[in-house]
Amino acid sequence: MTDDTDDAANAVNQETLSNLLKENRRFPPPQDVADHANVTAEAYAEADADREAFWAAQAERLHWEQPWTQVLDWSEPPVAKWFVGGKLNAAYNCVDRHVEAGNGDRVAIHFEGEPGDSRSLTYAELKDEVCKAANALVELGVGAGDRVAVYLPMIPEAAVAMLACARIGAVHSVCFAAFSPEALRGRIEDAGAKLLITADGYHRRGSVVNLKANADEAAAASPTIEKVLVVRRTGHDVQWEQDRDVWWHESVDRQSTDHTAEGFDSEHPLYILYTSGTTGKPKGILHTTGGYLTQASYTHHAVFDLKPETDVYWCTADVGWVTGHSYIVYGPLANGATEVMYEGTPDTPHQGRFWEIVQKYKVTLLYTAPTAIRTFMKWGSAIPAKFDLSSLRLLGSVGEPINPEAWIWYRESIGGGRTPVVDTWWQTETGAIMISPLPGVTEAKPGSAMRPLPGISANVVDKDGNIVGNGHGGLLVLDKPWPSMARGIWGDQQRFIDTYWARFADQGYYFAGDGAKKDEDGDLWLLGRVDDIMLVSGHNISTTEVESALVSYPAVAEAAVVGAKDETTGQRIVAFVILRGGNEEHEELAETLRDHVSKAIGPIAKPRQIIVVPELPKTRSGKIMRRLLRDVAEDRAIGDTTTLADSTVMDLISAKLPHAD
Ligand code: 6R9
């Protein structure tokens, strides 16, 4: 653990708290949501009384080929075993059983392509596709335990490919379609994948991306890859390796729709998903089957209050991110949901595209990220106002702390002031949602993820692992095992221990790497990654809080704050802001914003510099890469930008700064 982390722990611990933003707005659940909620307040008490019995009851949501003999085996921490001895098939649970229950005609996926093409797959059709793909994988020599790299855009075949792997016990490793050939190659090598599933291309921002060319480059440098299975999406000409490449439509379409799903051990590996991490090589987070599917299914049912007969659910994440795994594929499909899957970007061909989709499919439950919400704020409320969004009944947020102003804007401008907003905290490593309001129970506070879900235990500790009281801050820990917890890092179990468990080994806590505070009621406020917390003249200040203060000024749509080295104060606060549509940069703006932050938090949190920029550097999953902004603020060469969604952004930002030379 670095000194920085220790400082940060003290950080949130002391001064910050007296300076915290005062957020007094409260949003109780609407009466009709509370009256019909899937999960009520009793769930907390029930889970507290007997956590294992609670999770065993949730596991009954699934079909087990063989019952488990023990709910939890925690005899070899930090590797948990859940539902020991049980056998199940994840794909059977996500598809077949809904068909067998008479719901084969229900739409599973409404696919919307970026150019406007669309197709809907019922559960019966999805089952046929998954079975055919499973048969094709077997024919291509893939068996249980083999690793399959999936490098696909947002098309239904991505879900089909993942489920086909799960069906035969192969372990999928999905790699973002926007990642480079080198990123893909590294992941293939680490996992030792023998098959790569990709597509010819996809549509993005009105043009065709030649995905196959990237896949070829990676495959050529990957000796473990035996075959490349290629979905035809765009139909453009692609290079073809006769001995290696196989068209999906030639290999999969001719297969039988019969495939018997075998039950796999509850702890059988389901997938590996690489998290980039700020430093070092990506970590291949390993998830297994029974516990993962149980928690993905339960949390989707509880947090989104899904009514599978009537709801239309849309999670706007990419399948290459854990949110896509748990809340596009495994959670919703295990629950028999009807969902939307969209290929493209929110501004193609126009900035109302998301709302057009909500209107078209009468989406009731929407799950998106703060980065998207702040972008929509920047474009202005007039755009969503042109569409009929009255079908929406619940809104979710994930990926970063959501600033109170963005939360309010989301509820008002998208949710018509009626819908509960659920701010869901979790990580690739946690597998499923851990901290979130329950829409029918919780009186929500804008900007707070509120409480651990029933059956989950989290806490805030100081740097020595002592639990802090209400009104104090520190480091977020998870202090009891949960079903969907990662079982390790693929090929590097020591790194799993070092990264997450060594920090609080004495207490046996999982260290999440996030700062958090408990308010006077004990509700949790996430403060961002511990590495992002600033130290200014001995005061620890959270980037999240300064950003929230900036975004609460009407002209500001988005803000990213970093601490840059400073000889006098240790660090000085540098803020990068994007203005909302219709606002121009003017001379007094910086001073006005500095005053605004000073009033909201205190003079110590005033940014020294405020730079208006057109865009912020973000990863493909929408997280702001503050590390790169720190490079800019400290006027040095910009570091690794390979995980940026748009690599030209840094040039636009650098151009806005006076350089030393
Ligand atoms: C699901 C996902 C995990 C990190 C996590 C935290 C941040 C996610 C958040 C949130 C505040 C929320 N994060 N949700 N911070 N409030 N509701 O994003 O997984 O990509 O692994 O990122 O994202 O910093 O530690 P992953």
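Since this is a predicted model, take the numbers as computed values, not measurements.

Peer 1: Would you mind going over the nonpolar core with me for this structure?
Peer 2: One recurring pattern in soluble globular proteins: nonpolar side chains tend to sit buried together. Ranked by size, the top nonpolar core spans 135 residues in total, and within it L196, F304 and Y330 carry the most contacts. Broken down by element, this core gets its largest block of residues, 10 residues, from helix α8 (residues 156-168). Ranked by size, the runner-up nonpolar core spans 51 residues in total, among them V340, L392, V577 and V597.

Peer 1: Quick question: what am I supposed to make of helix α5 (residues 51-59) here?
Peer 2: For an α-helix, 3.6 residues make a turn, and residues three or four places apart therefore share a direction. Along α5, the residues classified as buried are R51, F54, W55, A56, Q58 and A59. Those residues of α5 that are buried are in contact with α4 (42-49), β1 (70-73), β2 (81-84) and α12 (290-303).

Peer 1: Help me out: how do you make sense of the site of the ligand in this one?
Peer 2: Taken together, 17 residues form the shell around the ligand, and within it W321, D423, T424, T428 and D514 come nearest. Within the side chain of W321, an N or O atom sits 2.7 Å from an oxygen atom of the ligand. Between a nitrogen atom of the ligand and a main-chain N or O atom of G399, the distance comes to 3.1 Å. Of all the secondary structure elements, the ones that give two or more residues to the shell around the ligand are α13 (322-334) and β25 (524-529). Split by residue class, the shell around the ligand holds seven nonpolar, five polar and five charged.

Peer 1: So what exactly am I meant to see when it comes to the sheet that holds strand β28 (residues 556-566) here?
Peer 2: Paired through backbone hydrogen bonds, the strands of a sheet run either parallel or antiparallel to each other. Spatially, the three strands line up as an open sheet ordered β28-β29-β30, and their pairing is mixed. The outermost strands of the open sheet, each flanked by one partner alone, are β28 and β30 (609-612). The mean angle between the axes of side-by-side strands here comes to 25°, regardless of whether they run parallel or antiparallel. Contacts between helix α15 (residues 370-379) and the sheet are confined to β28 and β29 (570-579), with β28 contributing the most and set at about 120° to the helix. Those strands touched by helix α21 (residues 626-633) are β28 and β29, and its axis lies near 60° from that of β28.

Peer 1: What is the right way to read the UniProt feature "modified residue: N6-acetyllysine" (unreviewed entry) in the chain from this model?
Peer 2: Under the feature "modified residue: N6-acetyllysine" (unreviewed entry), the UniProt entry names K623. With respect to the helices and strands, K623 occurs in the loop between β30 and α21. Non-local contacts of K623, meaning those with residues more than four positions away in its chain, are made with W321, G399, E400, P617 and K618. Side-chain polar atoms of K623 contact the backbone oxygen of G399, separated by 2.8 Å.

Peer 1: It is not clear to me how the UniProt feature "domain: Acetyl-coenzyme A synthetase N-terminal" (unreviewed entry) in the chain should be interpreted in this structure. Could you clarify?
Peer 2: The UniProt feature table records "domain: Acetyl-coenzyme A synthetase N-terminal" (unreviewed entry) at residues 41-94. Helix makes up 41% of residues 41-94 and strand 19%. Its end C-alpha atoms lie 28 Å apart.

Peer 1: It is not clear to me how the confidence of the model for the chain should be interpreted in this structure. Could you clarify?
Peer 2: Any residue range with low pLDDT should be treated as having predicted coordinates unsuitable for detailed reading. Overall, the predicted model of the chain reaches an average pLDDT of 93, with 95% of residues at or above 70. Within the model, the stretch residues 1-20 combines pLDDT values under 50 with 46 contacts to residues more than four positions away or in other chains. Across the predicted assembly, pTM comes out at 0.91 and ipTM at 1.00.

Peer 1: Explanation requested: the packing of aromatic side chains in the structure shown.
Peer 2: Given two aromatic rings, their pairing is described by the distance between the two centres and the angle made by the two planes. By the definition in use, this model includes 33 aromatic pairs. Here F27 and W407 contribute two aromatic rings whose centre-to-centre distance is 5.0 Å and whose plane-to-plane angle is 40°, an arrangement assigned as tilted. In this pair, F27 is assigned in the loop between α2 (15-19) and α3 (31-36) and W407 in helix α17 (residues 404-414), connecting sequence segments 380 residues apart. Taken individually, F27 and W407 each receive the classification buried, so the pair is uniform in this respect. Feature note: the residues W74, W482, F496, Y500, W501 and Y510 constitute an aromatic cluster, connected by ring pairs. For the cation-ring pair, R232 lies above W247, with the distance from its terminal atom to the ring centre recorded as 5.5 Å. Sitting above the plane of the F511 ring, R503 keeps its charged end 6.0 Å from the centroid.

Peer 1: Can you help me understand the domain arrangement of the chain in this one?
Peer 2: You'll often see interface size given as the accessible area lost when the parts meet. Segmentation of the chain into domains returns domain 1 (31-507) and domain 2 (537-655). For domain 1 and domain 2, the distance between their C-alpha centroids amounts to 31 Å. For the pair domain 1 and domain 2, the interface holds two salt bridges. For E558, the salt bridge identified is with R374, shortest N-O distance 3.4 Å.

Peer 1: Which parts of the structure should I look at to understand the environment of P384?
Peer 2: Secondary-structure assignment places P384 in helix α16 (residues 382-385). When its relative accessible area of 2% is taken as the criterion, P384 is described as buried. Put simply, P384 and W490 are 106 residues apart on the chain and 43 Å apart in space, counted from C-alpha to C-alpha. Contacts of P384, omitting those with residues within four sequence positions, involve W355, L389, W409, S413 and I414.

Peer 1: Is there a simple way to think about the sheet that holds strand β22 (residues 473-478) in this case?
Peer 2: Taken together, the four strands give an open sheet; going across it, the order is β21-β22-β24-β25, and neighbouring strands pair in antiparallel fashion. At either margin of the open sheet sits one strand with a lone partner, and together these are β21 (458-461) and β25. Between one strand axis and the next, the sheet turns by 45° as a mean value, whatever way the strands run.

Peer 1: I would appreciate a short explanation of the side chain of T424 in the present structure.
Peer 2: Mapped onto the elements, T424 comes out in the loop between β20 (421-423) and β21. Side-chain polar atoms of T424 contact the side chain of Y367, separated by 2.6 Å. Look past the residues within four positions of T424 in its chain and what remains in contact with it is V303, Y367, S397, V398, I433, I435 and S436.

Peer 1: Teacher, can you tell me more about the side chain of K307 here?
Peer 2: Following the sequence through the fold, K307 ends up in the loop between α12 and β16 (312-315). A polar contact is formed between the side chain of K307 and the side chain of D305, at a distance of 2.9 Å.

Peer 1: Which parts of the structure should I look at to understand the state of the cysteines?
Peer 2: Disulfides are covalent bonds that link the sulfur atoms of two cysteine residues. In this structure the tally under the stated criterion is zero disulfides. Sulfur of C175: no disulfide; nearest cysteine sulfur belongs to C165 and is 14 Å away. On the accessibility criterion, C175 (2% relative accessible area) is buried. Here C315 is not disulfide-linked; the sulfur of C94 is the nearest cysteine sulfur, at 15 Å. Under the relative-accessibility criterion, C315 is labelled buried at 1%.

Rules behind the numbers
- Residues numbered from 1 in each chain as written.
- Predicted model: local features only at pLDDT ≥ 70, side-chain atom pairs only at ≥ 80, totals over all residues.
- Heavy atoms only, no water.
- Core = buried A, V, L, I, M, F, W, Y, C linked by side-chain atoms within 4.5 Å.
- Buried < 20%, exposed > 50% of the residue type's maximum accessible area, 1.4 Å probe, protein only.
- Helix = DSSP H or I, 4+ residues; strand = E, 2+ residues; numbered from the N terminus.
- Contact = heavy atoms within 4.5 Å.
- Near = heavy atom within 4 Å.
- Polar contact = N/O pair within 3.5 Å; in protein donor to acceptor, adjacent residues only side chain to side chain.
- Nonpolar A, V, L, I, M, F, W, Y, C, P; charged D, E, K, R; others polar.
- Pairing = 2+ DSSP bridges.
- Axes fitted to C-alpha atoms, helices over the stretch in contact; angles between N-to-C directions.
- UniProt positions renumbered as here; feature names shortened; annotations may be inferred.
- pLDDT = per-residue confidence, 0-100.
- Phe/Tyr/Trp six-rings, centres within 6.5 Å; stacked < 30°, edge-to-face > 60°.
- Lys NZ or Arg CZ within 6 Å of the ring centre and 35° of its normal.
- Domains from an automatic or database assignment.
- Salt bridge = Lys/Arg side-chain N within 4 Å of Asp/Glu carboxyl O.
- Disulfide = S-S within 2.5 Å.

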